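Summary of the model geometry
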Amino acid sequence: MSEYTTGELAKLASVSVRTLQYYDKKDLLKPSKVTESGRRIYTDVDLSRLKLILLLKKLGLPLKAIAEILSSKNSIVVLNLLLEQQQKAIKDTLRDSREQLKTIEELRRNLPQINQISLSTIDDIEDIMKNKKELRKVHLRMILYGIPFNILEYGTLAWGIIKGQWWPFLIAIVLLIICATLVTRYYFQKTNYICPNCGAEFKPNTKEAFWAKHNIKARKLTCPVCGKKDYCVEVYDEGQLNKS
């Protein structure tokens with residue numbers, strides 16, 4: 001059986017001499033013998049034990065747990081139980097990491113709008129995230145409200161073309177106009193706008209908002225506070241939450 005000094009064993013296992021000294025102090029890895037001159041001598045059995053210690057440490061097990069495994073008579077059973085717990089902990093960490101990643105991605109998607117809004121605390125960011133969720137609900141409801149009326153419109157149009165009877169289509173157009181008016185009113189009731197110049201949040205005049213140039217996230221409106229006309233960021237009217 002081969003014998004190794006502390007330096008030789010450290011080199012074989014790619015660890016420092018100080019690490020071996022620490023393991024010796026913690027009774028994790030004692031030398032097989034100590035010479036009269038105080039020289040520590042390790043064997044192949046010690047090398048195998050050291051490799052097991054390093055493997056378990058790499059798996060994330062603390063030294064205390066490793067010591068329990070090595071000193072236990074049922075070391076395989078203990079090892080299996082500890083690895084099971086470690087596996088669960090890693091899975092929990094991965095789940096938390098995925099949730100954090102999802103939050104980061106959501107925040108990054110909203111950075112262009114957050115950039116135009118004054119932030120003083122982390123709570124402001126959380127409020128904006130909640131606001132975006134409520135705003136998405138508004139957009140989704142508008143789509144859902146419009147689907148049956150679109151079906152009615154195209155259905156009666158097809159009926160008119162095939163049967164030559166246009167009165168159902170005319171009735172559908174009237175209903176569609178009424179629906180569009182109600183949906184538009186609902187939309188402007190639920191939304192406010194934030195001025196990029198002064199940061200003021202306001203609810204614009206319905207007529208002005210309806211005819212204003214807009215994109216999917218902003219409308220070109222005149223701010224009632226600073227008087228400047230610019231593309232104002234659409235946000236959910238928080239006052240609606242208090243009413244509900």
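The structure contained in this document is the topic of the report that follows. Keep in mind that what you see is a predicted model, and the values were worked out from it rather than measured. (Residues numbered from 1 in each chain as written. Predicted model: local features only at pLDDT ≥ 70, side-chain atom pairs only at ≥ 80, totals over all residues. Heavy atoms only, no water.)

**Considerations on the sheet that holds strand S2 (residues 33–34)**
Sheets are built from strands that pair by backbone hydrogen bonding, the pairs being arranged parallel or antiparallel. Strand order across the open sheet formed by 3 strands is S1-S3-S2, with antiparallel pairing between neighbours. Bordering the open sheet on either side are strand S1 (3–5) and S2, each of which pairs with just one other strand. Pairing between S2 and strand S3 (residues 40–43): 2 bridges, direction antiparallel. Across the sheet, valine 34 pairs through a bridge with arginine 40, a residue of S3. Taken strand by strand, helix H3 (residues 44–58) contacts S1 and S3, and its axis lies near 80 degrees from that of S3. (Pairing = 2+ DSSP bridges. Helix = DSSP H or I, 4+ residues; strand = E, 2+ residues; numbered from the N terminus. Contact = heavy atoms within 4.5 Å. Axes fitted to C-alpha atoms, helices over the stretch in contact; angles between N-to-C directions.)

**Some thoughts on the sheet that holds strand S5 (residues 201–202)**
Read from one edge to the other, the open sheet built from 4 strands follows the order S5-S4-S7-S6, with strand pairing classed as antiparallel. Because the sheet does not close on itself, it has two edges, and the strands there are S5 and strand S6 (218–222). Lying over the sheet, helix H8 (residues 167–190) contacts strand S4 (191–194), S6 and strand S7 (229–236), oriented at roughly 50 degrees with respect to S4.

**A short note on the pattern of salt bridges**
In this structure the tally under the stated criterion is 7 salt bridges. Taking the shortest distance from any N to any O, the salt bridge between lysine 203 and aspartate 237 comes out at 3.3 Å. Within this pair, whereas lysine 203 is found in the loop between S5 and helix H9 (206–211), its partner aspartate 237 is found in the loop between S7 and helix H10 (239–243), the two being separated by 34 residues in sequence. Among the residues examined, lysine 203 registers a relative accessible area of 41% and is labelled partly exposed. A relative accessible area of 12% means that aspartate 237 is categorised as buried. One continuous salt-bridge network, built from bridges that share partners, spans Asp24, Asp27, Lys30 and Arg40. (Salt bridge = Lys/Arg side-chain N within 4 Å of Asp/Glu carboxyl O. Buried < 20%, exposed > 50% of the residue type's maximum accessible area, 1.4 Å probe, protein only.)

**Examining the environment of tyrosine 186**
Considering the arrangement of structural elements, one finds tyrosine 186 in helix H8. Residues tyrosine 186 and methionine 142, spaced 44 residues apart in sequence, show a C-alpha to C-alpha distance of 8.6 Å.

**Description of H8**
Along its 24 residues, H8 runs 35 Å from first to last C-alpha, staying within 8% of the 34 Å computed at 1.5 Å per residue. Along H8, the residues classified as buried are Pro168, Phe169, Ala172, Cys179, Val183, Tyr186, Tyr187, Phe188 and Lys190. (Expected span 1.5 Å × (residues − 1).)

**So, the pairing of S6**
In this sheet, S7 lies alongside S6 in antiparallel orientation, the contact comprising 5 bridges. Looking at S7, one finds that arginine 219 is bridged to cysteine 232. Once S6 ends, the chain turns through 6 residues before running back antiparallel as S7, passing glycine 227 with a positive phi of about 80 degrees.

**Brief notes about the layout of surface pockets**
Once rolled over the atoms, a probe with the size of a water molecule shows which space is left empty. By volume, the largest pocket amounts to about 320 Å³. Counting only elements with at least two residues in the lining of the largest pocket, the list comes to helix H7 (122–163), H8 and S6. Here the lining of the largest pocket gets 4 residues from one element, more than from any other, and that element is H8. (1 Å grid on protein atoms, 1.4 Å probe; cavity = no way out; pocket = protein on both sides within 12 Å on 5 of 7 lines; lining within 4 Å. Points joined across faces, edges and corners; volume = space filled by probe spheres on them.)

**Notes on the packing of aromatic side chains**
In this structure the tally under the stated criterion is 4 aromatic pairs. Ring geometry for tryptophan 166 versus phenylalanine 169: centroids 6.0 Å apart, planes at 80 degrees, classification edge-to-face. Take tryptophan 166: its relative accessible area is 38%, and that puts it in the partly exposed class. Accessibility expressed as a relative area gives 17% for phenylalanine 169, which makes it buried. With 5.0 Å between their ring centres and 90 degrees between their planes, phenylalanine 210 and tryptophan 211 make a pair best called edge-to-face. The ring of tryptophan 159 carries lysine 163 above its face, with NZ or CZ at 5.7 Å from the centroid. (Phe/Tyr/Trp six-rings, centres within 6.5 Å; stacked < 30°, edge-to-face > 60°. Lys NZ or Arg CZ within 6 Å of the ring centre and 35° of its normal.)

**Some words on the side chain of aspartate 237**
Only 3.3 Å separates the side chain of aspartate 237 from the side chain of asparagine 192, close enough to count as a polar contact. Sequence-distant contacts of aspartate 237, defined by excluding residues within four places in its chain, comprise Gln189, Lys190, Thr191, Asn192 and Lys203. (Polar contact = N/O pair within 3.5 Å; in protein donor to acceptor, adjacent residues only side chain to side chain.)

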